[in-house]
Amino acid sequence: QLQLVDSGGGLVQAGGSLRHSCVASGSTSSIKSIGWYRQAPGKQRELVAGISSGGSTNYADSVKGRFTISRDNAKNTVYLQMNSLKPEDTAVYYCNAIYSVWRRPDGDVWGQGTQVTVSS
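My aim in this report is to walk through the structure given alongside it, one point at a time. (Residues numbered from 1 in each chain as written. Predicted model: local features only at pLDDT ≥ 70, side-chain atom pairs only at ≥ 80, totals over all residues. Heavy atoms only, no water.)

### Re the overall build of the protein chain
Okay, so step 1: Within the protein chain, the regular secondary structure consists of zero helices and 11 strands.
Okay, so step 2: For 120 residues, the compact-globule estimate of 2.2 N^0.38 gives 14 Å, and the C-alpha radius of gyration of the protein chain, at 14 Å, lies within 12% of that figure.
Okay, so step 3: With the principal axes as the frame, the protein chain shows a C-alpha extent of 50 × 30 × 25 Å.
Okay, so step 4: Summing over all exposed atoms, the protein chain offers an accessible surface of approximately 6600 Å²; the carbon and sulfur share of this is 47%.
Okay, so step 5: Side chains of the protein chain carry 12 positive and 8 negative charges; the gap between the two charge centres is 4 Å. (Helix = DSSP H or I, 4+ residues; strand = E, 2+ residues; numbered from the N terminus. Rg over C-alpha atoms; globule rule 2.2 N^0.38 Å. Areas by Shrake-Rupley, 256 points an atom, 1.4 Å probe, with all protein chains shown as cover. Lys, Arg positive; Asp, Glu negative; His and termini not counted. Charge placed at Lys NZ, Arg CZ, Asp CG, Glu CD.)

Here is the structure:
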């Protein structure tokens, strides 16, 4: 069973930085990709950044040049470095993993989410 624990949220002033961590445990070898999502009050959950098992990355246009997703395979951890934060980055941030299941469709699992609040 694959599990994710994410951490790193907090309160920061505009222009500041935060780093999220997402630690995977269990069947980590089955992971195909991990993404960071966020959901602001009254809005749909959106993909912020993703990284595949091969190392390719993708970002939402709104965070390009400010956020960086990276991973440490030895620690089964994916990071989201967030710089130059803006009030509109305020949201609950979740990590999500897509994993392969033998002879079945891919599965996905979510972290518990952490609040990021950016004050102006």
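Having seen it, we continue.
### Things to note about the sheet that holds strand β8 (residues 77–82)
Okay, so step 1: Spatial ordering of the open sheet is given by β1-β3-β8-β7, a layout of four strands whose pairing is antiparallel. Edge positions in the open sheet fall to β1 (3–7) and β7 (67–72), since each of these has one partner strand only. Here the strands of the sheet are splayed against their neighbours by 15 degrees on average, with no regard to which way each runs.
Okay, so step 2: Note that β1 and strand β3 (residues 18–25) share five bridges and pair antiparallel. Within the sheet, the bridge partner assigned to Gln3 lies in β3 and is Ser25. (Pairing = 2+ DSSP bridges. Axes fitted to C-alpha atoms, helices over the stretch in contact; angles between N-to-C directions.)

### Section: the pairing of β7
Okay, so step 1: In this sheet, β8 lies alongside β7 in antiparallel orientation, the contact comprising six bridges. Along β8, the bridge assignment pairs Arg71 with Val78.
Okay, so step 2: Two successive antiparallel strands, β7 and β8, enclose a turn made up of four residues, where Asn76 displays a positive phi of approximately 50 degrees.

### Looking at the state of the cysteines
Okay, so step 1: Across all of its chains, the model carries one disulfide by this definition.
Okay, so step 2: Through a disulfide, Cys22 is tied to Cys95; the S-S separation comes to 2.2 Å. Taking the sign of the S-S torsion, about 70 degrees here, the bridge from Cys22 to Cys95 comes out right-handed. With Cys22 in strand β3 and Cys95 in strand β9 (residues 91–101), this pair connects stretches of sequence that are 73 residues apart.
Okay, so step 3: Given a relative accessible area of 0%, Cys95 falls into the buried group. (Disulfide = S-S within 2.5 Å. Buried < 20%, exposed > 50% of the residue type's maximum accessible area, 1.4 Å probe, protein only.)

### Notes on the pairing of β8
Okay, so step 1: β8 sits mainly inside the fold: five of its six residues count as buried.
Okay, so step 2: Here six bridges tie β3 to β8, and the two strands are oriented antiparallel to one another. Looking at the pairing, Val23 lines up with Thr77 of β8.

### Focus on the layout of surface pockets
Okay, so step 1: By volume, the largest pocket is sized at about 240 Å³.
Okay, so step 2: Every residue lining the largest pocket is counted, 16 residues in all, and those nearest its centre are Thr28, Ile31, Ile34, Arg71 and Asn73.
Okay, so step 3: Put simply, the parts of the chain that give the lining of the largest pocket at least two residues each are β3, β4 (31–39), β5 (46–52), β7 and β8.
Okay, so step 4: Broken down by element, the residue count for the lining of the largest pocket peaks at four residues, all from β4.
Okay, so step 5: Here the lining of the largest pocket is built from residues that sort into six nonpolar, seven polar and three charged. (1 Å grid on protein atoms, 1.4 Å probe; cavity = no way out; pocket = protein on both sides within 12 Å on 5 of 7 lines; lining within 4 Å. Points joined across faces, edges and corners; volume = space filled by probe spheres on them. Nonpolar A, V, L, I, M, F, W, Y, C, P; charged D, E, K, R; others polar.)

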